Amino acid sequence: MAGVRKFTFNPFQVNTYVVYDDNKECVIIDPGCSDGVELLQLMDFIKEEDLKPVHLLLTHTHIDHVMGCNAVEEMTGLGPELHEAGMVFLNHSTDTADTYGLNLDRNPEPKGFIKEGEVIEFGTTKLEVLYTPGHADGSICFLNRDEGWVIVGDVLFQMSIGRTDFPTGSFDVLKQSIFEKLFVLPDDTVVYSGHGPETSIGFEKANNPFLLDENAMY
Ligand SMILES: [Zn+2]
C-alpha cells in the first residue's frame, strides 16, 4: 500500500505530494516549497516517517510546481524528472519567478525525462505515466492503477479544469486529454489535483461544469 501525503505551498497554493511505500521509499511530486519554513515542513515529514526519497517528479513545469526543486535537490540529491516537452517552461523558471516577484536563483536542471507509458516503481508501488497536454505542454499524470488513484497536476480540479490561456494551452487539447486519459478510468478513482481538494473521476464526469457539455466553450 502506498500512502499519499499532501502539502500546500507557496503563494499559488500548489499541492506538493509525497507518495510513500511500505518499504519506506518515497517520491516527491511537484515540490512547491518557496521558503525555508515550507522546505522544513516537507523534509520533517520525510524524516519523521523515516522515508528515503528516490525520485523527484514533476506533473508539469509551471513555476508554482517547480519552485522548490533546487532546495529539495540540495537536501536529497535528487534532480527533477519530467516530460521533455516541459523544458519550454523550465528553461525560463528564473525569469518567470521574477515576473511574479519571487526569488529563484537558477533554473532547475532535469535529471531525466519521463515518457508516456513509463512506469515508476518503488517498493511495491507502481506509478504509470499518462501524457495529458492542454494546460501546458509536458503535462503528465501519475496513475496508481492497483490502488485506484491518480495525481493529475493542473489537468483536472474538483469542479474545474486547468487554465488554457498560458503558452501551449488549448481547451480542445485539454478536453481530449481528460476524456481519453482520465475519464476512461474507473469512476471511483481518486483524483489528487495540483490545487484544491481531491475528487473522483465519477464525480467530475457527473458534475464538472466544463466537461458536461461536449460542445462547451471555455
Ligand atoms: Zn500549471
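Details of the structure are given in the entry above.
Not measured: the values here are computed from a predicted model.

Visitor: Quick rundown of the packing of helix H1 (residues 36-48) against helix H3 (residues 69-76)? Include the residues and the values.
Guide: Relative orientation and spacing of two packed helices are given, respectively, by the angle between their axes and the distance between those axes. Where H1 contacts H3, the axes come no closer than 11 Å and their chain directions differ by 40 degrees. The angle between the axes of H1 and H3 places the two elements in the oblique class. The way H1 lies across H3 gives a crossing that is right-handed. Contact with H1, carried on its side by Leu39, Leu42 and Met43, involves Ala71, Val72, Met75 and Thr76 of H3 and no other residues of that element. Taken together, the residues of the contact of H1 with H3 sort by class into 6 nonpolar, 1 polar and no charged.

Visitor: A description of the sheet that holds strand E1 (residues 2-9) should follow, citing residues and the corresponding values.
Guide: The strand order across the open sheet built from 6 strands is E1-E2-E3-E4-E5-E6, with neighbouring strands paired in mixed fashion. In this open sheet, the two strands that pair with only one neighbour each are E1 and strand E6 (112-113). In the sheet, strand E5 (residues 80-82) pairs with E6 via 2 bridges, with the strands oriented parallel. Across the sheet, residue Glu81 finds its bridge partner in E6, namely Gly112. Lying on the sheet, H3 is in contact with strand E3 (25-29), strand E4 (52-57) and E5; it crosses E4 at an angle near 155 degrees.

Visitor: I'd like a rundown of the coordination of the zinc ion, residues and numbers included.
Guide: For the zinc ion, the protein coordination sphere consists of His60 (NE2), His62 (ND1), His135 (NE2) and Asp154 (OD), at 2.2 to 2.4 Å. Around the zinc ion, the 4 donor atoms sit at angles spanning 86 to 168 degrees, and that spread fits a shape best called irregular. Counting the intervening residues between successive donors of the zinc ion yields the motif H-x1-H-x72-H-x18-D. Highlighted residues: His60 in the loop between E4 and helix H2 (63-66) and His135 in the loop between strand E8 (125-131) and strand E9 (140-144), separated in sequence by 75 residues. Here His60 falls in the buried class, since its relative accessible area comes to 1%.

Visitor: A description of the layout of surface pockets should follow, citing residues and the corresponding values.
Guide: A probe matching the size of a water molecule, rolled over the atoms, marks out where space remains unfilled. Its volume calculated, the largest pocket comes out at about 410 Å³. Taken together, 21 residues form the lining of the largest pocket, with His62, Ile63, Asp64, Tyr100 and Phe166 sitting closest to its centre. Where the lining of the largest pocket is concerned, the elements lending two or more residues are H2, helix H4 (87-90) and helix H5 (93-99). At 3 residues, the largest contribution of residues to the lining of the largest pocket is made by H2. Within the lining of the largest pocket, the residues separate by chemical class into 10 nonpolar, 8 polar and 3 charged. Volume-wise, the second largest pocket comes out at about 200 Å³.

Each value, and the rule that gives it
- Residues numbered from 1 in each chain as written.
- Predicted model: local features only at pLDDT ≥ 70, side-chain atom pairs only at ≥ 80, totals over all residues.
- Heavy atoms only, no water.
- Axes fitted to C-alpha atoms, helices over the stretch in contact; angles between N-to-C directions.
- Helix = DSSP H or I, 4+ residues; strand = E, 2+ residues; numbered from the N terminus.
- Parallel < 35°, antiparallel > 145°, perpendicular 65-115°, else oblique.
- Left-handed = near helix turned anticlockwise from the far one by under 90°.
- Contact = heavy atoms within 4.5 Å.
- Nonpolar A, V, L, I, M, F, W, Y, C, P; charged D, E, K, R; others polar.
- Pairing = 2+ DSSP bridges.
- Donors = N, O, S within 2.8 Å, 3.2 Å for Na, K, Ca; no water.
- Tetrahedral: all angles 85-135°; square planar, octahedral: opposite > 155°, others 65-115°.
- Buried < 20%, exposed > 50% of the residue type's maximum accessible area, 1.4 Å probe, protein only.
- 1 Å grid on protein atoms, 1.4 Å probe; cavity = no way out; pocket = protein on both sides within 12 Å on 5 of 7 lines; lining within 4 Å.
- Points joined across faces, edges and corners; volume = space filled by probe spheres on them.

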